[in-house]
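Spelled out from the first residue to the last, the chains are:
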Amino acid sequence: MGLPMCLNLVQNSQNENGDRTHSIIAYDTNEASIQKAELGGATPAATLEELVQSNCDIIFTMLPTCAAVEEVVGTLLESWPVEEEPKSGVFVDCSTVSPMTTRRVHDQILAFNTAHKNIHLDLLDAPVSGGVKGAEGATLTFMVGSSHDEALEVVQPLFEIMGSRIFVCGKSGTGSVTKLCNNLALGAQMVGICEAMNLGDALGVDPVILANVMNASTAKCWSSDICNPHPTVAKSMQEERQGNGPPACQNYEGGFGANLMLKDLSLAVDAGQQAGVALPVGVTAKELYRLAQLRGMGDKDFGIMLQFLLGK
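Owing to the predicted nature of the structure, the values given are computational and were not obtained by experimental measurement. (Residues numbered from 1 in each chain as written. Predicted model: local features only at pLDDT ≥ 70, side-chain atom pairs only at ≥ 80, totals over all residues. Heavy atoms only, no water.)

1. So, the overall build of the protein
Right, on to step 1. Of the regular secondary structure elements, the protein holds 14 helices and 8 strands.
Right, on to step 2. Over its C-alpha atoms, taken along the principal directions, the protein stretches across nearly 75 × 50 × 35 Å.
Right, on to step 3. If you take every contact in the protein between residues at least 6 apart in sequence, the share linking residues at least 24 apart comes to 64%.
Right, on to step 4. Distance between charge centroids for the protein: 9 Å, based on 19 positive and 35 negative side chains. (Helix = DSSP H or I, 4+ residues; strand = E, 2+ residues; numbered from the N terminus. Contact = heavy atoms within 4.5 Å. Lys, Arg positive; Asp, Glu negative; His and termini not counted. Charge placed at Lys NZ, Arg CZ, Asp CG, Glu CD.)

2. Quick word on the packing of helix H8 (residues 174-202) against helix H12 (residues 258-275)
The geometry of a pair of packed helices is captured by two quantities: the angle between their axes and the separation between those axes.
Right, on to step 1. In contact at an axis separation of 9 Å, H8 and H12 are set at 120° when each is read in the N-to-C sense. Judged on the interaxial angle alone, H12 and H8 are oblique. As H8 packs across H12, the resulting crossing turns out to be left-handed. Taking contact as the criterion, the partners of Leu-180, Asn-183, Leu-184, Leu-186 and Gly-187 in H8 are, on H12, Met-261, Asp-264, Leu-265, Leu-267 and Ala-268.
Right, on to step 2. Split by residue class, the contact of H8 with H12 holds 7 nonpolar, 2 polar and 1 charged. (Axes fitted to C-alpha atoms, helices over the stretch in contact; angles between N-to-C directions. Parallel < 35°, antiparallel > 145°, perpendicular 65-115°, else oblique. Left-handed = near helix turned anticlockwise from the far one by under 90°. Nonpolar A, V, L, I, M, F, W, Y, C, P; charged D, E, K, R; others polar.)

3. Points about the packing of aromatic side chains
Right, on to step 1. In total, this model carries 6 aromatic pairs according to the counting rule given.
Right, on to step 2. Residues Phe-60 and Phe-159 carry aromatic rings whose centres are separated by 6.2 Å and whose planes lie at 80° to one another, so their mutual orientation is edge-to-face. Separated by 99 residues along the polypeptide, Phe-60 in strand E3 (residues 58-61) and Phe-159 in helix H7 (residues 149-162) bring together distant segments of the chain.
Right, on to step 3. With a centroid separation of 6.4 Å and an interplanar angle of 35°, the aromatic rings of Tyr-289 and Phe-302 are classed as tilted. (Phe/Tyr/Trp six-rings, centres within 6.5 Å; stacked < 30°, edge-to-face > 60°.)

4. Notes on the nonpolar core
Right, on to step 1. Core analysis: the largest hydrophobic core is formed by 55 residues, its most contacted members being Trp-80, Phe-91, Ile-109, Leu-121, Met-197, Tyr-289 and Met-305.
Right, on to step 2. No other element matches H8, which puts 8 residues into this core.
Right, on to step 3. Leaving out residues up to four positions away in the same chain, Met-305 has contacts with Val-191, Cys-194, Leu-288, Tyr-289 and Ala-292.
Right, on to step 4. Of all hydrophobic cores here, the second largest spans 27 residues; its members include Ala-26, Val-92, Phe-159 and Ile-161. (Core = buried A, V, L, I, M, F, W, Y, C linked by side-chain atoms within 4.5 Å. Buried < 20%, exposed > 50% of the residue type's maximum accessible area, 1.4 Å probe, protein only.)

5. Some words on the pattern of salt bridges
Right, on to step 1. Per the stated rule, a full pass over the model turns up 4 salt bridges.
Right, on to step 2. A salt bridge links Lys-300 to Glu-253; the shortest N-O distance between them is 2.5 Å. Remark: Glu-253 occurs in the loop between helix H11 (231-240) and H12 and Lys-300 occurs in the loop between helix H13 (280-294) and helix H14 (305-309); sequence separation between them is 47 residues. (Salt bridge = Lys/Arg side-chain N within 4 Å of Asp/Glu carboxyl O.)

6. Re the environment of Ala-219
Right, on to step 1. When you line up the elements, Ala-219 lands in the loop between helix H9 (207-215) and helix H10 (222-225).
Right, on to step 2. Relative accessible area serves as the criterion here: at 30%, Ala-219 is assigned to the partly exposed category.
Right, on to step 3. Sequence-wise, Ala-219 and Asp-107 are 112 residues apart; in three dimensions their C-alpha atoms are separated by 42 Å.
Right, on to step 4. Residues contacting Ala-219, with those up to four places away along its chain left out, are Ile-193, Met-214 and Ser-224.

7. Some details on the side chain of Asn-228
Right, on to step 1. Along the chain, Asn-228 falls in the loop between H10 and H11.
Right, on to step 2. Take Asn-228: its relative accessible area is 0%, and that puts it in the buried class.
Right, on to step 3. A polar atom in the side chain of Asn-228 sits 3.1 Å from the backbone oxygen of Ser-224.
Right, on to step 4. A distance of 3.0 Å separates the side chain of Asn-228 from the backbone nitrogen of His-230, its partner in a polar contact.
Right, on to step 5. Beyond its immediate sequence surroundings of up to four residues, Asn-228 is in contact with Met-197, Ala-211, Ser-223, Val-233, Ala-234, Met-237, Pro-246 and Ala-248. (Polar contact = N/O pair within 3.5 Å; in protein donor to acceptor, adjacent residues only side chain to side chain.)

8. Describing H11
Right, on to step 1. When we look at burial in H11, the residues that qualify are Val-233, Ala-234, Ser-236, Met-237 and Gln-238.
Right, on to step 2. Packing partners of the buried residues in H11 comprise H8, H9 and H10.
Right, on to step 3. Following H11 by one or two positions, Gln-242 adopts a phi angle in the positive range, close to 60°.

9. Remarks on unusual backbone geometry
Excluding glycine, most residues fall at negative phi; most peptide bonds, likewise, are trans.
Right, on to step 1. Positive phi, normally seen in glycine, also occurs at Asn-251, with a value near 55°.
Right, on to step 2. Within the chain, Tyr-252 stands out as a residue other than glycine whose phi angle is a positive 65°.
Right, on to step 3. Among the secondary structure elements, Tyr-252 is positioned in the loop between H11 and H12.

10. Description of a nonpolar patch on the surface
Right, on to step 1. Together, Val-205, Ile-209 and Val-213 make up a nonpolar patch on the protein surface, roughly 240 Å² of accessible area in all.
Right, on to step 2. Looking at where Val-205 falls in the secondary structure, it is placed in the loop between H8 and H9. (Patch = residues over 30% accessible without salt bridge, like charges linked within 9 Å, V, L, I, M, F, W, Y side chains within 5 Å. Areas by Shrake-Rupley, 256 points an atom, 1.4 Å probe, with all protein chains shown as cover.)

If you want it as structure tokens, here you go:
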């Protein structure tokens, strides 16, 4: 996700004269991603410390776990210049993490600001929806939590380069909550579509016809209309879209991984427990994806649930 977002920033950070409005510096522990970012026009940084020293005032992070977010932000703060030429800045975390993680990072930044009166750092939690294709096509949806309008105004033009929709969800932390609620619904939605497609198959209905009816009726949703998990339907969609079909037509390669869905459902269920909110459907979906992971399906697109429910 981070690589195509970075490349879009590089390609579109120019004014009417073709001059760059921003210098884009990239860091990743994945060497291949750094090489691709450099080929795309970004300046590579060998370490997080080097990235901070390059005078970045806006830092986007897209990380896989809560622990990674806290570790990276901690390293950035430790490396931030506080004596010679102190500077302010904005951290924008696009990772999908727990609300508690966002709160801890926010508190960590507030403590840093209190300790260094001449510096002001802000945090925007801005997880995204749209997947890899949305990142590549600059059509991501950003769900933004912000406690300071000034920081949002600074980052807004960059959001508009990488995405097509920006929702300000409230104060710091609300972006993370909104993303978890979205993916909680999405995970359960996909399980329901998989069950319906399997039932139709077993009872002799052509899956393409079934999908067409569902997509013209009340069952229409993203998991049915955009990313249908049935291979036959996905193949039909691929032909209609001239090669751009759902992962199910490519043995569930690419797309949004089942492991990532399990992570997001786990975060949502944990948040529900902390808030005292019953999530019985979410708990069931989480358990199904956990079992699919144990079956070795975790690296496949989360539509692989259709095959898991068939006992494959």
